[in-house]
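Okay, here's what each chain looks like letter by letter:
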Amino acid sequence: MHQIRILRMLISLDAMLTAVGVLAEPLWEEEIPAALRAAYNEAFPVENALGIALFMLVLLLMVLAGYAGMWRLKQWGRLAYTTACAVDVICLAFYKPVLMSGMALSLAMATAFSGGALLAMVWISDLRKEFR
């Protein structure tokens with residue numbers, strides 16, 4: 001029972017960090033000097049913003065489904081979350097260079113650490129036997 005409580009705390013932490021990242025990143029972007037943002041946008045123009053936004057929305061929905069399933073110790077929950085994480089990591093190879101504030105980077109790292117802890121809990125710990 002102790003591990004289930006830790007799992008649910010990690011799910012809550014990861015969900016909170018993800019939500020803060022989604023909501024605050026546009027605000028933190030304002031911390032980057034306008035000239036630097038303009039040069040970055042000129043060097044790396046957005047080609048298909050709608051397609052990227054839709055793809056990210058699908059990925060976010062998979063993560064949310066994963067949270068719900070892992071909370072209830074369902075096999076499909078950990079598969080949905082793991083798939084979303086794997087797709088995100090694979091896509092990193094195709095991203096353009098990233099320009100972000102220190103706060104956004106700190107939050108991204110914290111989210112990555114909590115996600116890694118979640119994956120370890122559901123696949124490596126003794127809790128893995130509880131998923132049905």
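It should be noted that the structure appears before, not after, this text.
Residues numbered from 1 in each chain as written. Predicted model: local features only at pLDDT ≥ 70, side-chain atom pairs only at ≥ 80, totals over all residues. Heavy atoms only, no water.

Participant: Got a minute to help me understand the overall build of the protein in this structure?
Facilitator: Of regular secondary structure, the protein possesses five helices and zero strands. Listing each helix as α and each strand as β along the protein from the N terminus yields α-α-α-α-α. Dimensions of the protein, computed from the C-alpha atoms along their principal axes, are close to 55 × 25 × 20 Å. Burial status across the protein gives 30% buried among its 132 residues. (Helix = DSSP H or I, 4+ residues; strand = E, 2+ residues; numbered from the N terminus. Buried < 20%, exposed > 50% of the residue type's maximum accessible area, 1.4 Å probe, protein only.)

Participant: Looking at this structure, I do not really get the packing of aromatic side chains. What am I missing?
Facilitator: Two aromatic rings are characterised by how far apart their centres lie and by the angle between their planes. With the rule as written, the count across this model stands at two aromatic pairs. Relative to phenylalanine 44, the ring of tyrosine 40 has its centre 5.3 Å away and its plane inclined at 45°; by these criteria the two rings are tilted. Note on phenylalanine 44: relative accessible area 30%, which makes it partly exposed. Sitting over the ring of tryptophan 123, arginine 78 keeps its end group 3.8 Å from the ring centre. (Phe/Tyr/Trp six-rings, centres within 6.5 Å; stacked < 30°, edge-to-face > 60°. Lys NZ or Arg CZ within 6 Å of the ring centre and 35° of its normal.)

Participant: Just checking my understanding: could you explain the nonpolar core for this structure?
Facilitator: One broad trend across soluble globular proteins is that nonpolar side chains are buried collectively. Membership of the largest hydrophobic core comes to 17 residues, with the highest contact counts inside it found for Leu7, Tyr67, Met70, Tyr81, Leu118 and Phe131. Elements represented by at least two residues in this core include exactly α1 (2-29), α3 (49-71), α4 (75-92) and α5 (102-123). Here tyrosine 67 is in contact with Ile11, Asp14, Ala15, Thr18, Tyr81 and Leu118, once residues within four sequence places are set aside. One finds Ala24, Trp28, Ala104 and Leu107 within the second-largest nonpolar core, a separate group that totals five residues. (Core = buried A, V, L, I, M, F, W, Y, C linked by side-chain atoms within 4.5 Å. Contact = heavy atoms within 4.5 Å.)

Participant: Whenever I open this one, the pattern of salt bridges confuses me. Can you help?
Facilitator: Where charged atoms of side chains with opposite charge meet at close range, the side chains can pair. Inspection of every chain in the model, using the stated rule, returns one salt bridge. Here arginine 37 makes a salt bridge to glutamate 30, at a shortest N to O gap of 3.9 Å. What makes arginine 37 buried here is its relative accessible area of 19%. (Salt bridge = Lys/Arg side-chain N within 4 Å of Asp/Glu carboxyl O.)

Participant: Whenever I open this one, α5 confuses me. Can you help?
Facilitator: In an α-helix, one full turn covers 3.6 residues, which means residues spaced three or four apart are oriented alike. The terminal C-alpha atoms of α5, which comprises 22 residues, lie 32 Å apart, in line with the 32 Å expected from a rise of 1.5 Å per residue. Along α5, the residues classified as buried are Ala104, Leu107, Thr111, Ser114, Gly115, Leu118, Met121 and Val122. One side of α5 carries all its buried residues, which in axial view fall inside an arc of 120°. Opposite the packed face of α5, turned more than 90 degrees from it, sit the exposed residues Gly102 and Phe113. Each element contacted by the buried residues of α5 is listed here: α1, α3 and α4. (Expected span 1.5 Å × (residues − 1). Arc of directions from axis to C-beta.)

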